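The primary structure of each chain is shown beneath.
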Amino acid sequence: MSASGAKQLSVKQNMLWNSIGCLIYQACQWAMTVAVVVFSSGYDNSGVLAFAMAVGNIYYPLATYNMRTIQVSDVYDEYSSEEYVGFRIVTVILGFIPMLVYLIATASSTALVISTVFWLLFKADESFCCVFYAIDQKAMRMDYIGISQAVRGICSVIAFSAALALCDNINIAIIAVALVCVSVTLLYDYRKANALASARPRIACARILELLKRYLPAVITLVCYGAVVSVARQQFEVLRGAGALGMYAAVATPTVLVQVAASYLYNPLLGGIAQRWSDRDLAAFLRGIGSVFVAILVVAAAGVLASELFGEPVLTFVYGESIRGSVYLLTPALIATAVTTMFAFMFDVLIVMRSLRAALVANASALLISIVASRPMIEALDANGITCTVIAAFGVGLVICFGAFTWQVRNARPATVGGDAA
């Protein structure tokens, strides 16, 4: 039983609910990239949406401050659920400031800035509801997460498609998505989380400043992680235009489902992994890490096989003959997704181990490679240059993560409350 007295679900039940709900949500996110092509003339709106999504991926870690893994793995309850909720309000608001500066500096038009700002409003809600998901996960009630994700996914793609079909305006369509998702957060997510642990926000300046300072490496880490792909895609948009980026996104976005399938299989395990590390039960800890890697490889292999067998007929059925010339991008994108997922899991593990600086070094290195390599890669390989940049960047980051992980395990000491940020 959880602290609130609510019945807990088993690990398998949590994995099932979480995976199904979140896969539905991500499938609906992909369906939006299909809808924007179907209900638009050409691929320009698709390019705008792809650009906004890429920027949103940079904003999301700023808004969440990369706190979900930390909140779930807070086995000693150093901070209350109310403090985590209050902290999330602060970070969601503060995260907008650097993103507006970044947008003005990098966007190629005012219209692109406006559309992206509307998308960031949607991402603000997505970032905020995540603090409720962490409460659900810690209480072993991830069925609430699965239901929330499924409902907001289905409702958002319906709202987006209807608004685009009726108004032929990408901005109105994005606003419709934001309004639908905010409604789910207020009417469902808050109420469910509050029944498990108090979700009323508590904003104490001293505690907020403490969290901001203590976990700054974690948020910089996730910003770097999100920026790796975003930098490559934005470089491609600058060199080839929004239409070309929209074409690439139409093919590459479905590969996110592979990453999501793998990540939502391991997310419910992070609490247990954190507890084993806290107890220094290294044998069980390492078994858990190994089983996750096997699961990622199995999901990735299944995705590549499905791509080779069904990729072309499915994509041409969804998008029409105009996409056929870009189908070759799908399998390499799936391989990049597999590398990305393994890297994301490993730096999550480093955060669970409170090895925040090592996670930061790995992600900063990956971002540096993306910044340096994306332009020459794109000029040499065109759209596949994005994919190769991602593989190279996260491949190097993965090697760094493994090195830090091995060092931490070999030098493991008896657990201390709160761990360390080394």
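Model, not experiment: these values are computed from the prediction. (Residues numbered from 1 in each chain as written. Predicted model: local features only at pLDDT ≥ 70, side-chain atom pairs only at ≥ 80, totals over all residues. Heavy atoms only, no water.)

1. Overview of the overall build of the protein
The condition that has to hold: Numbering of helices and strands starts at the N terminus; helices are DSSP runs of H or I of at least 4 residues and strands are runs of E of at least 2. What the globule rule says is 2.2 Å times the number of residues to the power 0.38, and the radius of gyration is computed from C-alpha atoms. Surface accessibility follows the Shrake-Rupley procedure with a 1.4 Å probe radius. Residue values consider only the protein chains on display as shielding. We score Asp and Glu as negative and Lys and Arg as positive, and we do not count His or the chain ends. The atom standing in for a charge is NZ when the residue is Lys, CZ when it is Arg, CG when it is Asp and CD when it is Glu.
Of regular secondary structure, the protein possesses 17 helices and 0 strands. Relative to the globule expectation of 22 Å for 422 residues, the C-alpha radius of gyration of the protein, 21 Å, shows essentially globular dimensions. Counting only C-alpha atoms, the protein reaches 60 × 45 × 40 Å along its principal axes. Carbon and sulfur atoms form 69% of the exposed surface of the protein, whose accessible area is close to 16,900 Å². Placing the 26 positive and 23 negative side-chain charges of the protein at their respective mean positions leaves the two points 8 Å apart.

2. Looking at the side chain of S161
Put simply, the rule is: The cut-offs for exposure are 20% and 50% of the maximum accessible area for each residue type, with area from a 1.4 Å probe on protein chains only; residues under the lower value are buried, those over the upper are exposed, and the others partly exposed. Polar contact is defined as a pair of N or O atoms within 3.5 Å, subject to the rule that within protein one atom must be able to donate a hydrogen and the other to accept it, and that residues adjacent in sequence are counted only when both atoms are side-chain atoms. What makes two residues a contact is simply this: any of their non-hydrogen atoms within 4.5 Å.
Relative to the assigned elements, S161 resides in helix 7 (residues 143-167). On the basis of relative accessible area, S161 is assigned to the buried category, the value being 16%. A polar atom in the side chain of S161 sits 2.8 Å from the backbone oxygen of V157. Leave out the neighbours within four places in its chain, and S161 touches A35 and F39.

3. Remarks on the packing of aromatic side chains
For any pair of aromatic rings, the description rests on two quantities: the centre-to-centre distance and the angle between the ring planes. How we decide: In this scheme Phe, Tyr and Trp rings, the latter by its six-membered ring, pair at centre separations within 6.5 Å, and the angle between planes marks the pair as stacked below 30 degrees, edge-to-face above 60, and tilted otherwise. Two conditions define a charge located above a ring, namely a distance within 6 Å from the ring centre to NZ of Lys or CZ of Arg, and an angle within 35 degrees of the ring normal.
Under the definition given, this model contains 16 aromatic pairs. For the ring pair W119 and F122, a centre distance of 4.7 Å and an interplane angle of 55 degrees mean the geometry is tilted. In this pair, W119 and F122 are both assigned in helix 6 (residues 110-138), 3 residues apart and thus about one turn of the helix distant. A residue is classified by how much of its surface remains accessible, and W119, at 2% relative accessible area, is buried. When the centroid spacing of 5.2 Å and the interplanar angle of 80 degrees are considered together, the rings of F128 and F132 count as edge-to-face. Placement of the pair is F128 and F132 together in helix 6, with a separation of 4 residues, close to one helical turn. Three or more aromatic residues joined by ring pairs form one cluster here, namely Y225, F343, F347 and F394. Across the ring face of W277, the terminal group of R280 is positioned such that the distance to the ring centre comes to 4.2 Å.

4. Quick notes on the pattern of salt bridges
Selection criterion: Should a side-chain nitrogen of Lys or Arg be within 4 Å of a carboxyl oxygen of Asp or Glu, the pair is scored as a salt bridge.
Under the definition given, this model contains 13 salt bridges. Salt-bridge contacts for E78 lead to R214; the nearest nitrogen and oxygen are separated by 3.1 Å. With E78 in the loop between helix 3 (67-72) and helix 4 (81-94) and R214 in helix 9 (residues 205-214), this residue pair connects regions lying 136 residues apart in the sequence. Linking E312 and R324 is a salt bridge whose minimum nitrogen-to-oxygen distance equals 2.4 Å. Within this pair, whereas E312 is found in helix 14 (residues 282-319), its partner R324 is found in the loop between helix 14 and helix 15 (330-352), the two being separated by 12 residues in sequence. Judged by its relative accessible area of 36%, E312 falls in the partly exposed class.

5. Side note on helix 14
An α-helical turn contains 3.6 residues, so any two residues separated by three or four positions project in the same direction. Threshold: One axis is fitted to the seven residues ending at the residue and one to the seven starting there. The bend at that residue is the angle between these axes.
The sharpest bend along helix 14 comes to roughly 65 degrees, located at F310, with the proline P313 sitting one to four residues further on. Just downstream of helix 14, G320 is the residue with a positive phi angle, here 95 degrees.

6. Brief notes about a nonpolar patch on the surface
Note the following rule: Only residues whose relative accessible area exceeds 30% and that form no salt bridge are eligible for patches; like-charged ones are grouped when within 9 Å, while nonpolar side chains (Val, Leu, Ile, Met, Phe, Trp, Tyr) are grouped when within 5 Å.
Taken together, the side chains of L305, L309, F310 and V314 define a hydrophobic patch exposed on the protein surface, amounting to about 400 Å² of accessible area. Structurally, the position occupied by V314 is in helix 14.

7. Looking at the state of the cysteines
Heads up, the rule is: Defined by distance alone, a disulfide is two cysteine sulfur atoms within 2.5 Å.
Taken as a whole and judged by the stated rule, the model has 0 disulfides. Cysteine C22 is unpaired, with the sulfur of C130 as its nearest cysteine sulfur at 9.7 Å.

8. A short note on unusual backbone geometry
In this structure, R354 takes a positive phi of about 60 degrees despite not being glycine. Along the chain, R354 turns up in the loop between helix 15 and helix 16 (356-381). The class of R354 is buried, set by a relative accessible area of 7%. With a phi angle near 55 degrees, D382 is a residue other than glycine that sits in the positive phi range. Structurally, the position occupied by D382 is in the loop between helix 16 and helix 17 (384-410). When its relative accessible area of 32% is taken as the criterion, D382 is described as partly exposed.

9. Some words on the confidence of the model for the protein
This is how it is decided: Across the chain, each position has a pLDDT score giving the predictor's confidence in that residue, from 0 to 100.
Across the protein, pLDDT averages 86, with 93% of residues at or above 70. For the protein, helix 12 (residues 256-266) is the element with the lowest average pLDDT, namely 67, and helix 8 (residues 170-196) is the one with the highest, namely 95. Confidence drops under pLDDT 50 across residues 416-422; counting only partners more than four residues distant or on other chains, this segment forms 18 contacts.

10. Re helix 2 (residues 44-64)
Formally: An expected span of 1.5 Å times one less than the residue number is assigned to each helix.
For helix 2, which comprises 21 residues, the first-to-last C-alpha distance of 30 Å matches the rise-based estimate of 30 Å (1.5 Å per residue) to within 8%. The sharpest bend along helix 2 measures roughly 30 degrees and falls at I58, with the proline P61 sitting one to four residues further on. For helix 2, the tally of buried residues reaches 16 of 21 residues, placing the bulk of the element in the interior. Y65 sits one or two positions beyond helix 2 and adopts a positive phi of about 55 degrees.

11. Some details on the packing of helix 4 against helix 5 (residues 96-106)
Each pair of packed helices can be described by the angle between their axes along with the distance between the axes. Operational definition: Axis definition: a line fit to C-alpha positions, over the contact stretch in the case of helices; interaxial angles, taken between N-to-C directions, run 0 to 180 degrees. Convention used here: angles under 35 degrees read as roughly parallel, angles over 145 as roughly antiparallel, angles from 65 to 115 as roughly perpendicular, and any remaining angle as oblique. Gly counts as polar in this scheme, as do all residues outside two lists: the nonpolar Ala, Val, Leu, Ile, Met, Phe, Trp, Tyr, Cys and Pro, and the charged Asp, Glu, Lys and Arg.
Running from N to C, helix 4 and helix 5 point in directions that differ by 15 degrees, and their axes come no closer than 5 Å. As far as their axial angle goes, helix 5 and helix 4 are roughly parallel. Residue-level inspection shows V92, I93 and L94 of helix 4 in contact with helix 5, the latter providing F96, I97 and P98. Of the residues in the contact of helix 4 with helix 5, the class split is 6 nonpolar, no polar and no charged.

12. Section: the nonpolar core
Stated formally: The nonpolar core is taken to be a set of buried Ala, Val, Leu, Ile, Met, Phe, Trp, Tyr and Cys residues, with the residues joined through side-chain atoms within 4.5 Å.
Counting 79 residues, the largest nonpolar core has F285, F345, F347 and F405 as the members making the most contacts within it. Ranked by residue count, the leading element in this core is helix 15, at 12 residues. Contacts of F405, omitting those with residues within four sequence positions, involve F285, L286, I289, M346, V349, L350 and M353.

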